[in-house]
Amino acid sequence: GIRVPPGVQRLGFQLEIPQSGKPRTNLFRWRVREIDGEWQSANSWLLEIPSPPAGDFTLEVQAAHSDGTWDASQLTIPMTVLVPFTRSQTFFWLMAGATLAAGGAVASAISRRRITKLKAQAALAAERNRIARDMHDDVGARLSQLSFMLKSLGNDASLSDSAKREVGHITAAASEALGSLDEVVWTVNPKNDRLEALCRHLCGHATRYLAPLGIACQFESAPAWPDFGISAHVRHQVTMAFKEALQNVVKHSGASEVRLALAMEHGHFVIRVSDNGRGLPEHPEKSERSGLENMKSRLAGIGGICDIHPTAAGGTEVEMRVPAR
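Because the structure is a prediction, the values reported are computed rather than measured.

Some remarks on the overall build of the chain
Turning to step 1, where the next piece is worked out: Secondary structure summary: the chain contains five helices and 12 strands in total.
Turning to step 2, where the next piece is worked out: Within the chain, the proportion of its 325 residues that are buried is 33%.
Turning to step 3, where the next piece is worked out: Here the contacts in the chain between residues at least 6 apart in sequence split such that 64% fall between residues at least 24 apart.
Turning to step 4, where the next piece is worked out: Here the chain displays about 19900 Å² of accessible surface, and carbon together with sulfur accounts for 56% of that area.

Here we look at the nonpolar core
Turning to step 1, where the next piece is worked out: One finds Val-238, Phe-242, Phe-269, Ile-271, Val-273 and Met-320 to be the most contacted residues of the largest nonpolar core, which totals 34 residues.
Turning to step 2, where the next piece is worked out: Broken down by secondary-structure element, the contributors of at least two residues to this core are helix H3 (195-210), helix H4 (232-253), strand E9 (257-265), strand E10 (268-275), helix H5 (286-300), strand E11 (305-310) and strand E12 (316-323).
Turning to step 3, where the next piece is worked out: Here Val-238 is in contact with Leu-198, Leu-202, Ile-271, Leu-299, Ile-302 and Val-322, once residues within four sequence places are set aside.
Turning to step 4, where the next piece is worked out: Among the nonpolar cores identified, the runner-up in size contains 17 residues, and Leu-11, Ile-49, Ile-77 and Met-79 belong to it.

What about the sheet that holds E9?
The strands making up a sheet associate through backbone hydrogen bonding, with each pair oriented either parallel or antiparallel.
Turning to step 1, where the next piece is worked out: An order of E8-E9-E10-E12-E11 is seen for the five strands of this open sheet, with the pairing classed as mixed. A single partner strand is all that each edge strand has here, and the edge strands are strand E8 (216-220) and E11. When the angles between neighbouring strand axes are averaged without regard to direction, this sheet yields 15°.
Turning to step 2, where the next piece is worked out: In this sheet, E12 lies alongside E10 in antiparallel orientation, the contact comprising seven bridges.

Concerning the pattern of salt bridges
Turning to step 1, where the next piece is worked out: For the coordinates displayed, the defined rule picks out 10 salt bridges.
Turning to step 2, where the next piece is worked out: The salt bridge partner of Arg-33 is Glu-60, with a shortest N-O separation of 2.4 Å. Of the two residues, Arg-33 is situated in the loop between strand E3 (28-32) and strand E4 (40-42) and Glu-60 in strand E6 (residues 55-63); the sequence distance between them amounts to 27 residues.
Turning to step 3, where the next piece is worked out: With relative accessibility at 43%, the residue Arg-33 sits in the partly exposed group.
Turning to step 4, where the next piece is worked out: Using a relative accessible area of 3% as the deciding quantity, one classes Glu-60 as buried.
Turning to step 5, where the next piece is worked out: With its nearest N and O atoms 2.7 Å apart, the salt bridge here joins Arg-235 to Asp-193. Of this pair, Arg-235 sits in helix H4 while Asp-193 sits in the loop between helix H2 (161-188) and H3, placing them 42 residues apart in sequence. For the pair shown, Arg-235 and Asp-193 are each scored as buried.
Turning to step 6, where the next piece is worked out: What you see here is one network of salt bridges that share partners, running through Glu-265, Arg-272, Glu-319 and Arg-321.

Overview of the packing of aromatic side chains
Turning to step 1, where the next piece is worked out: Using the criterion set out here, one finds three aromatic pairs in the structure.
Turning to step 2, where the next piece is worked out: Residues Trp-225 and Phe-269 carry aromatic rings whose centres are separated by 5.8 Å and whose planes lie at 85° to one another, so their mutual orientation is edge-to-face. Here the residue Trp-225 occupies a position in the loop between E8 and H4, and Phe-269 occupies one in strand E10, the gap between them amounting to 44 residues.
Turning to step 3, where the next piece is worked out: You can call Trp-225 buried: its relative accessible area is 14%.
Turning to step 4, where the next piece is worked out: Given a relative accessible area of 3%, Phe-269 falls into the buried group.

Some points on the pairing of strand E7 (residues 75-81)
The side chains of a regular strand alternate between the sheet's two faces.
Turning to step 1, where the next piece is worked out: For strand E1 (residues 2-4) and E7, the ladder comprises three bridges, and the chain directions are parallel. The residue of E7 that forms the bridge with Ile-2 is Met-79.
Turning to step 2, where the next piece is worked out: One ladder, built from seven bridges, connects E6 with E7; its direction is antiparallel. Following the sheet pairing, Leu-59 is matched in E7 by Ile-77.

Let's talk about H4
Turning to step 1, where the next piece is worked out: Its 22 residues give H4 an end-to-end C-alpha distance of 31 Å, which sits within 8% of 32 Å, the value for a rise of 1.5 Å per residue.
Turning to step 2, where the next piece is worked out: Positioned one or two residues after H4, Gly-254 has a phi angle of 70°, which is positive.

Brief notes about the sheet that holds E6
Turning to step 1, where the next piece is worked out: The strand order E1-E7-E6-E3-E4 describes an open sheet built from five strands, whose pairing is mixed. Each edge of the sheet is formed by a strand with only one pairing partner; in this case those strands are E1 and E4. Neighbour-to-neighbour, the strand axes of the sheet open up by a mean angle of 30°, direction not taken into account.

Some words on the side chain of Arg-29
Turning to step 1, where the next piece is worked out: For Arg-29, the position within the fold is in strand E3.
Turning to step 2, where the next piece is worked out: No salt bridge is formed by the buried Arg-29. Its closest oppositely charged neighbour is Glu-60, at 8.5 Å.
Turning to step 3, where the next piece is worked out: Among the polar contacts listed, one links the side chain of Arg-29 to the side chain of Gln-62, at a separation of 2.7 Å.
Turning to step 4, where the next piece is worked out: If we ignore the near neighbours within four places in the chain, the residues touching Arg-29 are Trp-39, Gln-40, Ser-41, Glu-60, Val-61, Gln-62 and Trp-70.

Calculation notes
Residues numbered from 1 in each chain as written. Predicted model: local features only at pLDDT ≥ 70, side-chain atom pairs only at ≥ 80, totals over all residues. Heavy atoms only, no water. Helix = DSSP H or I, 4+ residues; strand = E, 2+ residues; numbered from the N terminus. Buried < 20%, exposed > 50% of the residue type's maximum accessible area, 1.4 Å probe, protein only. Contact = heavy atoms within 4.5 Å. Areas by Shrake-Rupley, 256 points an atom, 1.4 Å probe, with all protein chains shown as cover. Core = buried A, V, L, I, M, F, W, Y, C linked by side-chain atoms within 4.5 Å. Pairing = 2+ DSSP bridges. Axes fitted to C-alpha atoms, helices over the stretch in contact; angles between N-to-C directions. Salt bridge = Lys/Arg side-chain N within 4 Å of Asp/Glu carboxyl O. Phe/Tyr/Trp six-rings, centres within 6.5 Å; stacked < 30°, edge-to-face > 60°. Expected span 1.5 Å × (residues − 1). Lys, Arg positive; Asp, Glu negative; His and termini not counted. Polar contact = N/O pair within 3.5 Å; in protein donor to acceptor, adjacent residues only side chain to side chain.

Written out as structure tokens, the structure is:
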């Protein structure tokens, strides 16, 4: 038989008929049995045919006598057209092995990268925890001591009224600094990187801020929160925007009651702060406009939105939406 290499386009066969008498036309006929099975006549001793596709075939040739009849015998030539290497089983298995090896290498690289990232996150969380603990134990303790000393000094009967007033101002500033430190410690502490912790913090701040001012606060919150992680940066921006909303209520609304609603809606953490005050002014003051813009800017920076609109009762509602990632 004949083995035809891959990529061959045409095959040529030089034939010879060992007999004296030959017909004037149709020297022989030929066919490739497996392709069409139909005989085709030829008048030239050189037979050229297109190379068949990859596979096994049989070329059959039958000579003609001088009277035009076909000889009973046939020339049979088996042919095997080889498969291109890119279509061979060897190539397939090589590609499969290479794909598996590449996939394993990529998976290993991704796994190593994830492990490295998890180690970095764990180290960062440990460092944040250390910073929060040191700030609370060192700076917090010193501020508490200073506040206590100032209060004791303010109770000194030998001080003049003006001196007592100044000491009172300094004591208040120290208390505010201690409160601000608590906020920073809360933000830095990785234990609070959960949605539930943020909700508790917002409700607690609203109570501490509004109660001394005689403003009632009603809460509406889910009984349980999904276990979503939330970064310190997002927590900080949400908290600052929330504080700005409460501050606007106290400064500009004249409200006696605030309603705080916390919910999860369509993959977003939603905060609604509603009051029963006088509503939005038609031409807000510059400071008020700046506060509203600050809230919108903070939330936009973390992919959220802030919408401020009047309520049906005439008050104002601030709605903040943050994607829960």
